[in-house]
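Fold and geometry: a report
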Amino acid sequence: MSLRNAIKKRTPWPLHYLYLKLYYFPKDAVAAWRLLSRRPAAPDASFAARLRLIGAFYRISYFVDCPHTEHELLSIAQAILDLPPELPGSIVEAGAFRGGSTAKLSLVARLAGRELDVFDSFEGMPENDEEHGKSIYGREHRFRRGSHAAPIENARMNVARYGDISRTHFHKGWFSETMPGFKKQVAAACINVDLVQSTRDCLKYLYPLVPKGGVIFSQDAHFPWVISLLRDDAFWRNEIGIPRPEIPGLGASKFVAIRK
Ligand SMILES: C[S@@+](CC[C@H](N)C(=O)[O-])C[C@H]1O[C@@H](n2cnc3c(N)ncnc32)[C@H](O)[C@@H]1O
């Protein structure tokens, strides 16, 4: 067990939560300010609605185990609310875990007037023999089969309790089995799946569904194995059928956006 996990296990949750919020405050505050300071394109996203959204994000993070930072989800929320309302498509989340990010995205989907389609095995990571190791921040990671396993009922309950279940559609199973039959247009896709093979599957099946003006986010761009995939000209050319796109911040940030 890493020192970070050992401290997490021994510290009472309210204290640990406070520590996380203070530690990330500079980045979270900037993202919250950006979301509040300019009215986005979505007509229902008034100042009061955006303020409530930020409050809901902090509440969800307190009650649900969320392996993401507030500023990541706030930046995603801002980008989704800024999509032109006439751009067709739902929001897709690949990698839901316990449904903390799902609940947040369902609230963003409501403000944007869109549906949310959620893909996860709900059995954790698939079998894989990928070489993992240190992220660009120096932390060690290894994603064995079954890590991040959480039952779908858990995610459903968290979305029903803290988000908007009425616009959330769950697709349970391995991406390679559930995504090929998915044919909706995708205005925004949020990929948070840790593995190269899973990222590859998501891009292969989701990229063609994104119309011009849509966006795909990866929250795994702090992993050198995902960075290598995103920098691989042959992958983009042979598997996606396009030249490698420009991805601002790739190699320097956990969170990147691929705009179409
Ligand atoms: C880091 S967790 C997602 C965290 C979540 N977005 C959050 O912030 O709360 C990664 C998720 O991806 C799922 N996953 C990874 N590869 C998958 C695959 N090939 N098929 C289905 N689910 C997969 C795992 O089950 C896990 O729930």
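The text that follows walks through the structure, step by step, so that each part is easy to find. (Residues numbered from 1 in each chain as written. Predicted model: local features only at pLDDT ≥ 70, side-chain atom pairs only at ≥ 80, totals over all residues. Heavy atoms only, no water.)

Turning our eyes to something else, we now look at the overall build of the protein. Of regular secondary structure, the protein possesses eleven helices and six strands. In terms of overall size, the protein behaves like a compact globule, its C-alpha atoms giving a radius of gyration of 17 Å where 260 residues would be expected to give roughly 18 Å. Along the three orthogonal principal directions, the C-alpha set of the protein runs to about 50 × 45 × 35 Å. The long-range fraction of contacts in the protein, counting pairs at least 24 apart against all pairs at least 6 apart in sequence, stands at 74%. Carbon together with sulfur atoms contributes 55% to the accessible area of the protein, which is approximately 12500 Å² in total. Both charge centroids of the protein, one from 36 positive and one from 27 negative side chains, sit 5 Å from each other. (Helix = DSSP H or I, 4+ residues; strand = E, 2+ residues; numbered from the N terminus. Rg over C-alpha atoms; globule rule 2.2 N^0.38 Å. Contact = heavy atoms within 4.5 Å. Areas by Shrake-Rupley, 256 points an atom, 1.4 Å probe, with all protein chains shown as cover. Lys, Arg positive; Asp, Glu negative; His and termini not counted. Charge placed at Lys NZ, Arg CZ, Asp CG, Glu CD.)

Another aspect to go through is a nonpolar patch on the surface. On the surface, Leu-15, Leu-18 and Leu-22 cluster together into a nonpolar patch covering about 320 Å² of accessible area. Along the chain, Leu-15 falls in helix α2 (residues 13–23). (Patch = residues over 30% accessible without salt bridge, like charges linked within 9 Å, V, L, I, M, F, W, Y side chains within 5 Å. Salt bridge = Lys/Arg side-chain N within 4 Å of Asp/Glu carboxyl O.)

Tracing the sequence through the fold places Ala-6 in helix α1 (residues 3–10). Each C-alpha atom of the pair Ala-6 and Ala-112 lies 40 Å from the other, and the pair is 106 residues apart in sequence.

This part is about the site of the ligand. Around the ligand there are 20 residues in total, and His-68, Gly-95, Ser-101, Asp-120 and Ser-198 lie nearest to it. Interatomic distance of 2.6 Å between a side-chain N/O atom of His-68 and an oxygen atom of the ligand. Contacts to the ligand include Asp-120, whose side-chain N or O atom sits 2.7 Å from an oxygen atom. Considered on its own, the ligand offers 600 Å² of accessible surface; in the complex 98% of this is hidden by protein. The residue inventory of the shell around the ligand, partitioned by class, reads eight nonpolar, nine polar and three charged. (Near = heavy atom within 4 Å. Polar contact = N/O pair within 3.5 Å; in protein donor to acceptor, adjacent residues only side chain to side chain. Nonpolar A, V, L, I, M, F, W, Y, C, P; charged D, E, K, R; others polar.)

Okay, the sheet that holds strand β5 (residues 215–218) next. Spatial ordering of the open sheet is given by β3-β2-β1-β4-β5-β6, a layout of six strands whose pairing is mixed. Here the strands that pair on one side only, and so sit at the sheet edges, are β3 (168–172) and β6 (256–259). The average angle at which neighbouring strand axes cross in this sheet is 15 degrees, direction not considered. Looking at chain direction, strand β4 (residues 186–191) and β5 are connected through four bridges and run parallel. Its bridge partner lying in β5, Cys-190 is registered against Phe-217. The strands touched by helix α5 (residues 70–81) within the sheet are β1 (90–94), β4, β5 and β6, with β5 carrying the most contacts at an inclination of about 175 degrees. (Pairing = 2+ DSSP bridges. Axes fitted to C-alpha atoms, helices over the stretch in contact; angles between N-to-C directions.)

Okay, helix α3 (residues 25–37) next. Count 3.6 residues to each turn of an α-helix, and residues three or four apart come out pointing the same way. The terminal C-alpha atoms of α3, which comprises 13 residues, lie 17 Å apart, in line with the 18 Å expected from a rise of 1.5 Å per residue. Buried positions along α3 lie against α4 (47–63) and α5. (Expected span 1.5 Å × (residues − 1).)

Time to look at the packing of aromatic side chains. Throughout the structure, instances matching the rule amount to 14 aromatic pairs. Centroid distance Phe-119 to Phe-182: 5.1 Å. Interplanar angle 85 degrees. Geometry classified as edge-to-face. A residue pair is termed long-range when its members are at least 10 positions apart, and Phe-119 in strand β2 (residues 116–120) and Phe-182 in the loop between α8 (175–178) and β4 qualify at 63 residues. On the basis of relative accessible area, Phe-119 is assigned to the buried category, the value being 0%. Owing to a relative accessible area of 8%, Phe-182 belongs among the buried residues under this scheme. One aromatic cluster in this structure is built from Trp-13, Tyr-17, Tyr-62, Phe-63 and Tyr-162. We note Lys-260 situated over the ring of Tyr-207; from NZ or CZ to the ring centre the distance is 4.2 Å. (Phe/Tyr/Trp six-rings, centres within 6.5 Å; stacked < 30°, edge-to-face > 60°. Buried < 20%, exposed > 50% of the residue type's maximum accessible area, 1.4 Å probe, protein only. Lys NZ or Arg CZ within 6 Å of the ring centre and 35° of its normal.)

Another aspect to go through is the pattern of salt bridges. The tally for this structure, following the rule as stated, stands at twelve salt bridges. Among the ionic pairs, Arg-110 bridges to Asp-164, the shortest N-O distance being 3.5 Å. Taken as a pair, Arg-110 in helix α6 (residues 100–112) and Asp-164 in the loop between α7 (152–162) and β3 lie far apart in primary sequence, 54 residues in all. The partner of Glu-123 in a salt bridge is Lys-172, and the shortest N-O contact between them spans 3.6 Å. Of the two residues, Glu-123 is situated in the loop between β2 and α7 and Lys-172 in strand β3; the sequence distance between them amounts to 49 residues. The exposure class assigned to Glu-123 is partly exposed, which follows from its relative accessible area of 41%. Judged by its relative accessible area of 42%, Lys-172 falls in the partly exposed class.

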